[in-house]
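Architecture and fold: a report
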Amino acid sequence: MTTLAQLRRTALSYPETAELTVDGTVAFAVRGKEFAALRPDRQVVLRMTGPDADELRAEHPTARRVARAGVRLPIGDLDGQQLNHWVRRAWLARAPKRLAAPVAAAATAIAGEVGDLPRAIGSPATRALHAAGITTLAHTAERTDAELLALHGVGPKAVRILREAQG
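Residues numbered from 1 in each chain as written. Predicted model: local features only at pLDDT ≥ 70, side-chain atom pairs only at ≥ 80, totals over all residues. Heavy atoms only, no water.

**A short note on the pattern of salt bridges**
Within this structure, the stated rule accounts for 9 salt bridges. Two residues, Arg39 and Asp41, come together in a salt bridge whose shortest N-O distance is 2.5 Å. For Asp41, a relative accessible area of 42% translates into the label partly exposed. Arg57 serves as the salt-bridge partner of Asp54, at 3.6 Å between the closest nitrogen and oxygen. Pair noted here: Asp54 and Arg57 are both in helix α2 (residues 50-59), with a separation of 3 residues, about one helical turn. Exposure remark for Asp54: the relative accessible area of 40% places this residue in the partly exposed category. Here Arg57 falls in the partly exposed class, since its relative accessible area comes to 35%. Through salt bridges with shared partners, a single ionic network connects Glu16, Arg31 and Arg98. (Salt bridge = Lys/Arg side-chain N within 4 Å of Asp/Glu carboxyl O. Buried < 20%, exposed > 50% of the residue type's maximum accessible area, 1.4 Å probe, protein only. Helix = DSSP H or I, 4+ residues; strand = E, 2+ residues; numbered from the N terminus.)

Below is the structure:
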């Protein structure tokens, strides 16, 4: 079952995201614009474009349209991968263009083709690092293991490979 912890990890992996709590609702915003929230009744609310909202509603019959270009549905109706996908789409819809552009470009990043990051870390880690603006081994050296591991897609194996590649 998908949880608040996974929503939190995914939402906070995007640049300039802040977590807020109001009346039991945990919300995530980028530059003051809310893009995801979990209400006390375990309904996740995602703010996104009209076409994304329509697609989400078509995939999940329990999804309902809400005011201000959003969709709400029980968090338990989304598996982890679906939650990650839709939170990303919501973040992209609300983030300023200067933040959204590198994250959107990271979706097509290929292991071994971004800066001097080693191919062995794999595509998910490459995309996560690229989305966070980390495109070289020098950039990874500036981050702690915990900071790298906090990025969705970067696991212990990728961190070990990055540290070995730094020498």
